[in-house]
Amino acid sequence: MKINRESSLSGKKVVLLGGTSGFGLETAMAAADEGASVIVVSSSRQKVDSALTVLPEGSQGFIADLGDEKQVEQLFKKTGEFDHLVFTAGDELKFSNLSELDIDEAKESVNLRFWGAIMAVKHGAPKIRKGGSVTLTTGALGRRPRKGTLVVAGMASAIEGLTRALAIELAPIRVNAVCAGTVKTGLLKGMPESEREAFFSRVGNKLLTGRVGNTKELAEAYLYLMRGSFSTGQIVVVDGGSLLV
Ligand SMILES: NC(=O)c1ccc[n+]([C@@H]2O[C@H](COP(=O)([O-])OP(=O)(O)OC[C@H]3O[C@@H](n4cnc5c(N)ncnc54)[C@H](OP(=O)(O)O)[C@@H]3O)[C@@H](O)[C@H]2O)c1
């Protein structure tokens, strides 16, 4: 079966917030491979510059702290109009049991993923062209929490609800989210490498797939949701079967 040209990303413009590493960068590379022009955004110049070295000539990169509304507003003055918005920005995750939870720190920890996504859509959606979409990011802990994950799980579930509400609010712009299980990226860079590899192998062994995911597998889901002109308000779970074990 041939890919429907109208739903391919060729000639489209994609803005990827958090597009300088992990899911975002892989999705940027895959979209560019399909003929899209891409803009990647994150908070550090070094990561933006490094991402641009692996993206095709003509790709753009901007620096913005996406947890700060003023910077988000300024950013969309620079992007111009575009077709698809992908939000994969995420900072270090904080895990804690309820009894030890620092409430102020917990409030701060939802700022980028939850409020950042809302701010991005608030200021970005007016620039989205007809037929365009928003794809947010959430995690499987929202559906299958573990001990010590309450804030992360609550935030992940909130992003699922937000996705459905935004799909209604912004229609006909389509709004969906990718819900990821454990995937090898730089997210756990704070952990020593040997500990990190042991963690991935311990988690992977318990999954139905027998291994954790890779960024290419995640990028496929973002691409599908950008192209899939009849999907909106949906959460695509890419988790190696973690919800079933
Ligand atoms: N990897 C997993 O196993 C997994 C599982 C479930 C859900 N998720 C979620 O999926 C999302 C993407 O994960 P990933 O693994 O691709 O992470 P990643 O490789 O660490 O990428 C995160 C991106 O967010 C950017 N970022 C961080 N703070 C920012 C800020 N204040 N403003 C703007 N950009 C910021 C980072 O660049 P800078 O440092 O330059 O800002 C980077 O480009 C995260 O929300 C993560 O929690 C990941």
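Residues numbered from 1 in each chain as written. Predicted model: local features only at pLDDT ≥ 70, side-chain atom pairs only at ≥ 80, totals over all residues. Heavy atoms only, no water.

Visitor: Break down the overall build of the protein for me, with residues and values.
Guide: Summing up its helical and strand segments, the protein has 8 helices and 7 strands in all. If you line up the protein on its principal axes, its C-alpha atoms span 50 × 45 × 35 Å. For the protein, with 245 residues in total, the buried portion stands at 48%. Pairs at least 24 apart in sequence give 71% of the contacts found in the protein among residues at least 6 apart. Across the protein, the 30 positively charged side chains and the 27 negatively charged ones have centroids separated by 4 Å. (Helix = DSSP H or I, 4+ residues; strand = E, 2+ residues; numbered from the N terminus. Buried < 20%, exposed > 50% of the residue type's maximum accessible area, 1.4 Å probe, protein only. Contact = heavy atoms within 4.5 Å. Lys, Arg positive; Asp, Glu negative; His and termini not counted. Charge placed at Lys NZ, Arg CZ, Asp CG, Glu CD.)

Visitor: Before we move on, could you go through unusual backbone geometry and cite the residues and values that matter?
Guide: With an omega dihedral of 10°, the bond running from Ala-171 to Pro-172 counts as a cis peptide bond. Within the secondary structure, Pro-172 is located in the loop between helix 6 (150–170) and strand 6 (174–180).

Visitor: So what's going on with the site of the ligand? Which residues, and what values?
Guide: The environment of the ligand is made up of 27 residues, and the closest members are Thr-20, Ser-21, Ser-42, Ser-43 and Thr-185. At a separation of 2.8 Å, an oxygen atom of the ligand approaches a polar side-chain atom of Thr-20. In this structure, an oxygen atom belonging to the ligand sits 3.4 Å away from a main-chain N or O atom of Gly-181. Looking at the shell around the ligand, the elements with two or more residues in it are helix 1 (22–33), helix 5 (111–124) and strand 5 (128–139). (Near = heavy atom within 4 Å. Polar contact = N/O pair within 3.5 Å; in protein donor to acceptor, adjacent residues only side chain to side chain.)

Visitor: Break down the pairing of strand 6 for me, citing the residues and quoting the values.
Guide: Along any regular strand, the residues point their side chains to alternate faces of the sheet. The buried fraction of strand 6 amounts to 7 of the 7 residues, a majority that puts the element mostly inside the structure. By the alternation rule, side chains of strand 6 split into Arg-174, Asn-176, Val-178 and Ala-180 and Val-175, Ala-177 and Cys-179, which are all buried. Across 7 bridges, strand 5 lies against strand 6 in parallel orientation. Residue pairing for strand 6: Thr-138 is matched across the bridge by Cys-179. Note that the unit made of strand 5, helix 6 and strand 6 has a crossover that is right-handed. In the sheet, strand 6 pairs with strand 7 (residues 235–238) via 4 bridges, with the strands oriented parallel. Each residue of the ladder has a partner; that of Ala-180, found in strand 7, is Val-238. (Pairing = 2+ DSSP bridges. Right-handed = clockwise from strand over helix to strand, strands pointing away.)

Visitor: Outline the nonpolar core, listing residues and values.
Guide: Formed by 39 residues in total, the largest nonpolar core has its most connected members in Leu-17, Leu-66, Phe-87 and Leu-136. Listing elements by their share of this core, those giving two or more residues are strand 1 (13–17), strand 2 (37–42), helix 3 (69–79), strand 4 (82–87), helix 5, strand 5, helix 6 and strand 6. Counting residues per element, this core draws most heavily on helix 6, which supplies 7 residues. Among all residues touching Phe-87, those that are not within four sequence positions of it are Leu-17, Leu-66, Leu-112, Arg-113, Gly-116, Ala-117, Ala-120, Thr-135, Leu-136 and Thr-137. Judged by nonpolar contacts, the second largest core, of 23 residues, contains Val-14, Val-86, Leu-218 and Ala-221. (Core = buried A, V, L, I, M, F, W, Y, C linked by side-chain atoms within 4.5 Å.)

Visitor: I'd like a description of the environment of Gly-154, backed by residues and values.
Guide: Note that Gly-154 resides in helix 6. On the basis of relative accessible area, Gly-154 is assigned to the partly exposed category, the value being 39%. Between the alpha carbons of Gly-154 and Asp-65 there is a distance of 23 Å; along the sequence they are 89 residues apart.

Visitor: Can you tell me about helix 1, naming the residues and giving the values?
Guide: Residues that lie three or four places apart on an α-helix share one face, since the helix turns once every 3.6 residues. Taking 1.5 Å per residue, 12 residues should reach 16 Å; helix 1 reaches 17 Å between its end C-alpha atoms and fits that length. Looking only at helix 1, the buried set comprises Phe-23, Gly-24, Leu-25, Glu-26, Thr-27, Ala-28, Ala-31 and Ala-32. If you follow the buried residues of helix 1, they end up packed against strand 1, strand 2, helix 2 (45–54), strand 5, strand 6 and helix 8 (215–227). Following helix 1 by one or two positions, Gly-35 adopts a phi angle in the positive range, close to 100°. (Expected span 1.5 Å × (residues − 1).)

Visitor: Could you give me a rundown of the sheet that holds strand 3 (residues 60–63), with the residues and numbers involved?
Guide: One open sheet accounts for 7 strands, arranged 3-2-1-4-5-6-7; its pairing is parallel. The open sheet has two edge strands with one neighbour each: strand 3 and strand 7. The mean inter-strand angle of the sheet, taken between neighbouring strand axes irrespective of direction, is 20°. On the sheet, helix 8 packs against strand 1, strand 4, strand 5, strand 6 and strand 7 and is oriented at approximately 165° with respect to strand 6. (Axes fitted to C-alpha atoms, helices over the stretch in contact; angles between N-to-C directions.)

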